[in-house]
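One letter stands for each residue in the lines below.
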Amino acid sequence: MLSRSLFTTSIKRSAAARVASTRYASTKTLKETLQEVIPAKQEQLKKLKAEHSQAVIGDVKVENIIGGMRGLKAMLWESSVLDPSEGIRFHGLSIPDCQEKLTPAPGGKEIIAESMLWLLMTGQVPTTEQTRQLSKELAEKGELPAFVEQLLDSLPKTLHPMTQLGIGVAALNHDSAFQAAYEKGIKKSEYWTYAFDDCINLLARLPALAARIYRNVYKPGTELPKIDKELDLVGNYTRMLGFGDNQNMTEYLRLYIALHGDHEGGNASAHTAHLVGSTLADPYIAYSAALYALAGPLHGLANQEVLRWQQAMQKELGENVSHEQIKEYLWKTLKSGQVVPGYGHGVLRNPDPRFLALQQFCESRPELMESSTIQLVKKTSEVAPGVLMEHGKTKNPYPNVDATSGCVLYHYGLTEYKYYTVIFGVSRALGCITQLTWARALGLPLERPKSVSMGALEQLVKSSWPNVA
Ligand SMILES: CC(=O)SCCNC(=O)CCNC(=O)[C@H](O)C(C)(C)COP(=O)(O)OP(=O)(O)OC[C@H]1O[C@@H](n2cnc3c(N)ncnc32)[C@H](O)[C@@H]1OP(=O)(O)O
Ligand SMILES: O=C([O-])CC(=O)C(=O)O
C-alpha cells in the first residue's frame, strides 16, 4: 500500500520553506517582475564565478559516465529541485504548498498554468490580478498563424501526434523575435527580453496547436472553437479539445498541466531544451527538440504506454482483475524482458508525489473511484512495488506520475492514448521556457561537456588508482 505519510511530512516540512521562499509580488506584469528579480540572480552568479569557480563539490565516477550521468551535479537550474524521497519542490514549495498558495481559475480549485509559470519564472506567488492578467495576455496571443494551421492540416493523420507537435512548434519560429533581433545584432544583455517574448508566444499558442492536432487526427470535420479571451490557458485548451462542458475534466487538466510543468533540469526533455537553447537557437526550436525527448517511452511517452499495458491486461484477464492476477501479469511483463510502464524513476526513490496528488484528485470524485480503469491503477500500485522489489533490478519500485495520468483522461472520454504525451508537451513548456529565459538572462554559455572513450576511461582509472589491475 502507498503511504500517505510522505505527503503529511512534506506538508509539515514545507511550512518553513514557504515562509522562506514566498514573497508576494506587486501588481507588475510578469516581464516587469522578472526585470526586477534578474539583477540579484545575475549578481549571485557573478559572485559564485568570482569567488568559488575552483571549489570542488563532488567526484565524477566511472558509473556516472557509463550510467547516463545519473547523480552528477552538472547543470544550473533555478526553478525546481527534485529530492529523491520527497519529490519535487518549485522554488521551495511542495505540491501541497502550491495547491494551497497558487491561484485557481474562477470557480475552480486546482492550480492553473499561469500561477505555476509565475512561480517558476520569478520565485514569487502571484496575486489573483496578476494571474488573470497573464491569462488575458496568453489568450490575446493564442491564435496560430495561418501557415501553421495549413502545415498541420497537411500532415498525414497517421503521423504520431507528438511528431506533429514538434513540427508545429518548430514552425512557429518563423516569427521568432529572438532570431530576428539576433540577426540585427543585439547586445547579450538584451537577449533575455526577446527570448522571453518568444517563450510567452510559444506557450500562448500551444493549446491551439495541440488541439488542432487532436481535431485533425481524431475528430476530423468538427469545428475548433476560437480562443475565449475570458478563459485561462488550460480552460481554453480543454474547450478546444471538445471537453469544455466537463468541469471535472477541465480541473483535472489544470492540475495535470501545473504538476507536469517542471521536474528540475536533468530530465531528458528539460535538459534537451536547455542544451539546444545554449546554442542560441530560438526558444521555438529549443522546445521542439525537447518535445522529441519527451516522446520516448522511458520518459513522457510512458503515460501512453501505461494505458496500452493496462488495456492489454484487461483484454487478457477481463474487467474485474484480482491482485493475484495483476501480480502474474506483472511477472509476465518482466519475464518477457519489458519494463513495467509507470514504475521506476531516474531520481525518485519513493512514490512520486505527483502520482499521489492525481490519486487524491481521483479520490475526491466518486465517478473516478467507480471507474474500472482507475481501480486498476490503484490495485496495480498496491502490488507492483512488491513484485518489482522481488524482481530486484529497479532502484525505485514505486509508481511515477505516468502510472495514473492517462487513465483519468481515458475515463473522461479522451480515449486516444497516442495523444496523451501531447498534453504533457503542453505542460513541460512551463519549466523549459522558464529556463530558456533565465539562461539568456544569466548569460549561460554553450553546453559542451567532455566525452571520453572506454580506452581513455581505463587509462584515467589506472592513473588515479595505480594499484588496480
Ligand atoms: C515523466 C517521466 O519521465 S517518469 C518515467 C517514465 N518512464 C517509465 O515509467 C518507464 C518505466 N521505467 C523505467 O524504464 C525506468 O525506471 C526509468 C527509465 C524511468 C529510470 O531508469 P533508471 O534510472 O536507469 O532506473 P534504475 O537504475 O532503477 O534501473 C536499473 C534496472 O532496473 C530496470 N528497471 C527500472 N524500472 C523498471 C521498470 N519499471 N520495470 C522493469 N524494469 C525496470 C532498468 O531497466 C534497469 O535494468 P538493466 O540493468 O537491465 O538495464
Ligand atoms: O525527472 C525525470 O527524469 C523524469 C520525470 O519524472 C519528469 O521529467 O517529469
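Definitions and limits used
Residues numbered from 1 in each chain as written. Chains lettered and ligands numbered in written order. Predicted model: local features only at pLDDT ≥ 70, side-chain atom pairs only at ≥ 80, totals over all residues. Heavy atoms only, no water. Near = heavy atom within 4 Å. Polar contact = N/O pair within 3.5 Å; in protein donor to acceptor, adjacent residues only side chain to side chain. Areas by Shrake-Rupley, 256 points an atom, 1.4 Å probe, with all protein chains shown as cover. Nonpolar A, V, L, I, M, F, W, Y, C, P; charged D, E, K, R; others polar. Domains from an automatic or database assignment. pLDDT = per-residue confidence, 0-100. Contact = heavy atoms within 4.5 Å. Phe/Tyr/Trp six-rings, centres within 6.5 Å; stacked < 30°, edge-to-face > 60°. Helix = DSSP H or I, 4+ residues; strand = E, 2+ residues; numbered from the N terminus. Buried < 20%, exposed > 50% of the residue type's maximum accessible area, 1.4 Å probe, protein only. Lys NZ or Arg CZ within 6 Å of the ring centre and 35° of its normal. Pairing = 2+ DSSP bridges. Axes fitted to C-alpha atoms, helices over the stretch in contact; angles between N-to-C directions. Parallel < 35°, antiparallel > 145°, perpendicular 65-115°, else oblique. Left-handed = near helix turned anticlockwise from the far one by under 90°. Buried area = accessible area lost by both parts, 1.4 Å probe. Salt bridge = Lys/Arg side-chain N within 4 Å of Asp/Glu carboxyl O.

**Let's talk about the site of ligand 2**
Around ligand 2 sit His-263, Asn-267, His-299, His-345, Arg-354, Phe-424 and Arg-428, and those are all the residues in its vicinity. At 2.7 Å, a side-chain N or O of Arg-354 approaches an oxygen atom of ligand 2. If ligand 2 stood free it would expose 260 Å²; the protein chains cover 83% of that surface.

**Structural notes on the site of ligand 1**
Ligand 1 sits among 21 residues. The nearest are His-299, Gly-342, Tyr-343, Lys-393 and Lys-395. Between ligand 1 and Leu-298 there is a distance of 2.8 Å, counted from a nitrogen atom to a backbone nitrogen or oxygen. With respect to ligand 1, the backbone of Gly-342 contributes an N or O atom lying 2.8 Å from an oxygen atom. Taken together, the residues that form the shell around ligand 1 break down as 10 nonpolar, seven polar and four charged. A domain-level breakdown of the shell around ligand 1 finds at least three residues from each of domain 1 (27-51 + 64-300 + 420-469) and domain 2 (302-411).

**Some words on the confidence of the model for the chain**
Across the chain, the average pLDDT comes to 94, with 94% of residues at 70 or higher. Note that pLDDT drops below 50 for residues 1-23; the model gives that stretch 46 contacts with residues more than four away or on any other chain. What the predictor reports for the complex is a pTM of 0.94 with an ipTM of 0.99.

**Some words on the packing of aromatic side chains**
The full count for this structure, using the stated rule, is 11 aromatic pairs. Between the aromatic rings of Trp-192 and Phe-196, the centroid separation amounts to 6.4 Å while the plane-to-plane angle is 65 degrees, which identifies the pairing as edge-to-face. With Trp-192 and Phe-196 both in helix 10 (residues 191-218) and four residues apart, this pair spans about one turn of that helix. Summarising the aromatic geometry, the rings of Tyr-252 and Tyr-256 are spaced 6.1 Å apart at their centres and angled 70 degrees between planes, so their arrangement reads as edge-to-face. Here Tyr-252 pairs with Tyr-256, and both are found in helix 12 (residues 247-259), just four residues apart, close to one helical turn. As far as burial versus exposure is concerned, Tyr-252 and Tyr-256 are alike and both buried. Members of the aromatic cluster, each reached through a chain of ring pairs, are Tyr-214, Tyr-218, Phe-243 and Tyr-419. One cation-aromatic arrangement involves Arg-365 over Phe-361; the distance from NZ or CZ to the ring centre is 3.8 Å.

**Regarding the pairing of strand 1 (residues 80-83)**
Only one face of strand 1 is covered, namely the face carrying Ser-80 and Leu-82; the face carrying Val-81 and Asp-83 is uncovered. With four bridges joining them, strand 1 and strand 2 (residues 87-90) adopt antiparallel strand pairing. Across the sheet, Asp-83 pairs through a bridge with Gly-87, a residue of strand 2. Linking strand 1 back to strand 2 in an antiparallel pair, the connection comprises three residues.

**Quick look at the side chain of Thr-33**
With respect to the helices and strands, Thr-33 occurs in helix 2 (residues 30-52). Beyond its immediate sequence surroundings of up to four residues, Thr-33 is in contact with Lys-28, Trp-118, Thr-122, Gln-124 and Gln-130.

**Examining the packing of helix 12 against helix 20 (residues 402-411)**
Running from N to C, helix 12 and helix 20 cross one another at 160 degrees; their axes reach a closest spacing of 11 Å. Taken as axis vectors, helix 12 and helix 20 run roughly antiparallel relative to one another. The hand of the helix 12/helix 20 crossing is left-handed. Listed contacts from helix 20 to Met-249, Tyr-252, Leu-253 and Tyr-256 of helix 12 are Thr-404, Ser-405, Val-408 and Leu-409. Split by residue class, the contact of helix 12 with helix 20 holds six nonpolar, two polar and no charged.

**Overview of the domain arrangement of the chain**
Each domain of the chain was delimited in the assignment, giving domain 1 (27-51 + 64-300 + 420-469) and domain 2 (302-411). Each of domain 1 and domain 2 has a C-alpha centre, and these two points are 27 Å apart. With 32 residues of domain 1 at the interface, the matching set in domain 2 holds 27 residues. Approximately 2400 Å² of surface area, both sides summed, lies buried where domain 1 meets domain 2, with 62% of it carried by carbon and sulfur atoms. Its largest share of buried area at the contact with domain 2, domain 1 owes to Pro-84, Tyr-252 and Tyr-420, together 29% of the area lost on that side. One can count zero salt bridges joining domain 1 with domain 2. Remark: the boundary between domain 1 and domain 2 carries 13 residue pairs in polar contact (both at pLDDT 80 or more). Elements with a minimum of two residues in the side of domain 1 that touches domain 2: strand 1, strand 2, helix 4 (95-101), helix 12 and helix 21 (420-441).

**Re the environment of Leu-120**
The residue Leu-120 is located in helix 5 (residues 113-122) in this model. Taking C-alpha positions, Leu-120 is 5.0 Å from Ser-79, a pair spaced 41 residues apart along the chain. If we ignore the near neighbours within four places in the chain, the residues touching Leu-120 are Ser-79, Phe-90, His-91, Asp-262, Leu-430, Gly-431 and Thr-434.

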